[in-house]
Structures are given as structure tokens and as C-alpha cells.
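Each chain, written out:
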Amino acid sequence: MIALTRFLRRKQCLSQVALVAGQTHRALSSQTEGEIRIAKILQDKFPQAASLKVHDISGGCGAMYEIHIESEEFKGKRTVQQHRLVNQALKDEIKTMHGLRIFTDVPKN
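Just so it is clear, the structure is predicted and the values come from calculations on it, not from any experiment.

## Overview of the pattern of salt bridges
In step 1: All told, the structure shown has four salt bridges when counted by the stated rule.
In step 2: The partner of Lys40 in a salt bridge is Asp44, and the shortest N-O contact between them spans 3.0 Å. Taken together, the positions of Lys40 and Asp44, both in helix H2 (residues 33-45) and four residues apart, correspond to about one turn of that helix.
In step 3: Here Lys40 falls in the partly exposed class, since its relative accessible area comes to 46%.

## Regarding H2
In step 1: With 13 residues, H2 should cover 18 Å at 1.5 Å per step; its first-to-last C-alpha distance of 18 Å lies within 8% of that length.
In step 2: Packing partners of the buried residues in H2 comprise strand S1 (49-56), strand S2 (64-71), helix H3 (79-89) and helix H4 (91-94).

## Points about the packing of aromatic side chains
In step 1: Per the stated rule, a full pass over the model turns up one aromatic pair.
In step 2: On the basis of an interplanar angle of 55° and a centroid distance of 5.3 Å, the ring pair of Phe46 and Phe74 is categorised as tilted. Here Phe46 is found in the loop between H2 and S1, whereas its partner Phe74 is found in the loop between S2 and H3, with 28 residues between them in sequence. Taken individually, Phe46 and Phe74 each receive the classification buried, so the pair is uniform in this respect.

## Overview of H3
In step 1: Residues Gln82, Val86 and Ala89 constitute the buried set of H3. Each buried residue of H3 sits inside an arc of 60° when the element is viewed along its axis, so together they form one side.
In step 2: Looking at the buried side of H3, the elements it contacts are H2, S2, H4 and strand S3 (99-105).

## Structural notes on the pairing of S2
In step 1: Direction of pairing for S1 relative to S2: antiparallel, over a ladder of seven bridges. Residue pairing in the sheet places Ser51 in a bridge with Glu70 of S2.
In step 2: Two elements, S2 and S3, share seven bridges in a ladder whose sense is parallel. Considered in S3, the bridge of Tyr65 is made with Leu100.

## Points about the environment of Ile36
In step 1: Its place among the elements puts Ile36 in helix H2.
In step 2: On the basis of relative accessibility, which here comes to 47%, the residue Ile36 falls in the partly exposed class.
In step 3: When the C-alpha positions of Ile36 and Val54 are compared, they lie 7.9 Å apart, and in sequence the two are 18 residues distant.

## Considerations on the sheet that holds S3
In step 1: Sheet architecture is open: three strands sit in the order S1-S2-S3, paired in mixed fashion. The outermost strands of the open sheet, each flanked by one partner alone, are S1 and S3. Strand after strand, the sheet turns through a mean of 10° between neighbouring axes, direction not considered.
In step 2: The sheet strands contacting H2 are S1 and S2, and the helix crosses S1 at an angle near 155°.
In step 3: Against the sheet, H3 contacts S2 and S3, and its axis sits at roughly 125° relative to S3.

Scoring rules and cut-offs
Residues numbered from 1 in each chain as written. Predicted model: local features only at pLDDT ≥ 70, side-chain atom pairs only at ≥ 80, totals over all residues. Heavy atoms only, no water. Salt bridge = Lys/Arg side-chain N within 4 Å of Asp/Glu carboxyl O. Helix = DSSP H or I, 4+ residues; strand = E, 2+ residues; numbered from the N terminus. Buried < 20%, exposed > 50% of the residue type's maximum accessible area, 1.4 Å probe, protein only. Expected span 1.5 Å × (residues − 1). Contact = heavy atoms within 4.5 Å. Phe/Tyr/Trp six-rings, centres within 6.5 Å; stacked < 30°, edge-to-face > 60°. Arc of directions from axis to C-beta. Pairing = 2+ DSSP bridges. Axes fitted to C-alpha atoms, helices over the stretch in contact; angles between N-to-C directions.

This is the structure:
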């Protein structure tokens, strides 16, 4: 059932991407509900984050996100450990996603 749900969501997403391909993209200042929800979860999990950006890269349907986060909490951790922390924070949201790109770093002061 989960596989069918993901397939249908992906199919719906691809049709939405096709619809927006020839149109003007949404304003950079506006965020989707999914972007706002994910950003809130990450802000709560990583309160020391110096920078946090969440982008829906699936055309607005919420199937795929790209996350850029810089936090002191990543200091001394390998990249894979940093990504695991982000994955753990988003474990419930990831269940409904098709894909997730994560970019983590420690702030440069």
C-alpha cells in the first residue's frame, strides 16, 4: 500500500512539474506548507543553526526536498553523522517523500 501511495504521489508530482515547466516559477519569498513544516521541525531540532534553507524541488507537490543547514551541532561529526541527525529529525516526514537532498556544514566564523 505504501508503494502504491508513493507511486501515485510521484505521478501526481510529475504532472504538476510538467504544468509549471513553461510557466513562471513561484516567488522566491513564498514557501509551500511542506517547506514551512520541515523548516519548523529542523529549527526545533537544531536551535543553534546559523543557516537553514528548505526548498521543495518537486514543483511544489512535496515529493522531494533540498535542505541546506549550518549548525554548531555538527562540529566534530562526519558528514554521514550530520545527515543521520537530519534524517532522524525528519523520520516521519521522510515516509511520504520520494527523495531528499541534504547539505550540512558547520558555520565558518
